[in-house]
Amino acid sequence: MIQDPQPDFRPTIGEAETLAPGLRRVLAPNPSPMTFRGTNTYLVGDGDLAIIDPGPADDTHLNAILEAVGKQRVSAVLVTHAHVDHSPLARALADIVAAPIYAFSDASGGRSAVMQQLAATGLMGGGEGVDGDFRPDIELADGDAVTGDGWSLCALHTPGHFGNHLSFAWDDVLFCGDLVMGWASSLVSPPDGDLTDFMASCRHLQSQKWSVFHSGHGAPILDPATRLDWLISHRMSREAAVLTALQDGPATSTALAAKIYTDTPAALLPAATRNVLAHLIDLHGKNVVAPVKSLHAEALFALT
């Protein structure tokens with residue numbers, strides 16, 4: 001039996017819950033092994049509002065957000081990244097509340113050069129729930145601010161889980177999307193996910209002091225520094241496991257995942273395989289491993 005990682009986190013779907021002065025959360029009705037209880041939509045502000053991650057295309061969730069908004073004005077709809085559990089509802093919501101959509105870019109933006117090359121080959125696969133139709137009204141660069149009545153959110157480009165991933169800093173509070181979660185480690189699936197970028201983003205966040213992280217799924221992270229330390233250590237241990245397994249000879253990401261993720265349910269092994277592939281590409285960039293032939297999703301990799 002799989003242990004519930006956050007047994008006390010059971011908010012009522014569709015009910016606006018106050019988390020702090022000027023901050024509410026509405027849980028979307030899309031629980032799954034990849035989204036946990038569902039997507040967290042955040043409402044920031046007491047006067048006019050910013051809405052972060054409207055969530056999946058779901059009329060019930062749209063109505064729940066609008067009920068939470070009430071007669072308040074919405075001045076900004078912000079999207080952390082273009083996965084189908086975060087961005088599709090943005091356009092319908094923005095049209096109703098007459099507010100622009102802010103994000104880093106469309107779904108293809110923010111990729112590193114190697115991930116752009118892999119995506120262009122069409123051989124890498126991936127695309128786990130990508131919202132290919134997503135287009136922001138206003139693109140935000142790293143460090144750009146979105147302001148409203150009594151609040152200001154600073155966009156931080158934090159790629160890794162997704163190339164166009166933004167986090168939003170509200171003083172020392174961070175809305176970190178799917179980069180950091182308290183109930184699980186994040187999926188990093190090439191070419192949308194990039195482990196080299198993921199580690200850099202986590203280390204960049206380590207350079208600042210945060211009081212709390214509000215992630216795209218799960219409960220607030222009350223000790224961000226410890227969680228970032230754990231995430232980096234976890235990835236380093238996975239890297240070590242990959243290198244140890246490759247000492248037995250060349251292997252594919254699928255074979256390595258089956259060997260390393262021995263306690264992972266079968267339904268989650270495809271995601272684990274993508275994580276292993278991300279490690280292999282990162283290690284290839286460091287000249288530690290190399291594909292036996294060409295680089296693609298089921299390539300054989302060997303130690304250099």
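Residues numbered from 1 in each chain as written. Predicted model: local features only at pLDDT ≥ 70, side-chain atom pairs only at ≥ 80, totals over all residues. Heavy atoms only, no water.

## Some thoughts on unusual backbone geometry
The omega torsion across Pro-190 and Pro-191 is 0°, close enough to zero to call that bond cis. Position of Pro-191 among the secondary structure elements: in the loop between β11 (173-177) and α4 (195-206). Positioned with a positive phi, Phe-36 is a non-glycine residue whose angle comes to about 60°. Structurally, the position occupied by Phe-36 is in the loop between β2 (23-27) and β3 (40-44). Unusually for a residue other than glycine, Asp-171 sits at a positive phi of about 60°. The topology assignment puts Asp-171 in the loop between β10 (166-170) and β11. (Helix = DSSP H or I, 4+ residues; strand = E, 2+ residues; numbered from the N terminus.)

## Points about the packing of aromatic side chains
Using the criterion set out here, one finds five aromatic pairs in the structure. These aromatic residues form a ring-pair network of at least three members: Phe-9, Phe-36 and Trp-183. Against the face of Trp-230 rests Arg-227, its NZ or CZ located 4.2 Å from the ring centre. The aromatic ring of Phe-198 is capped on one face by Arg-235, whose charged end is 5.3 Å from the ring centroid. (Phe/Tyr/Trp six-rings, centres within 6.5 Å; stacked < 30°, edge-to-face > 60°. Lys NZ or Arg CZ within 6 Å of the ring centre and 35° of its normal.)

## Section: the pattern of salt bridges
Under the criterion given, the structure shown has nine salt bridges. We note a salt bridge from Asp-248 to Lys-259, for which the minimum N-O separation is 2.5 Å. Of the two residues, Asp-248 sits in the loop between α5 (224-246) and α6 (253-260) while Lys-259 sits in helix α6, which places them eleven residues apart along the sequence. (Salt bridge = Lys/Arg side-chain N within 4 Å of Asp/Glu carboxyl O.)

## Let's talk about empty space enclosed by the protein
Applying the stated criterion to the full structure yields two cavities of 30 Å³ or more. Computed from the structure, the largest cavity encloses a volume of approximately 40 Å³. Split into classes, the residues belonging to the lining of the largest cavity amount to four nonpolar, five polar and four charged. Considered as a void within the structure, the second largest cavity measures approximately 30 Å³ in volume. What lines the second largest cavity is simply His-83, Glu-128, His-161, Leu-187, Ser-189, Asp-192 and Gly-193. Its residues placed into classes, the lining of the second largest cavity shows one nonpolar, four polar and two charged. (1 Å grid on protein atoms, 1.4 Å probe; cavity = no way out; pocket = protein on both sides within 12 Å on 5 of 7 lines; lining within 4 Å. Points joined across faces, edges and corners; volume = space filled by probe spheres on them. Nonpolar A, V, L, I, M, F, W, Y, C, P; charged D, E, K, R; others polar.)

Bear in mind that shape data such as this cannot, by itself, settle questions of function.
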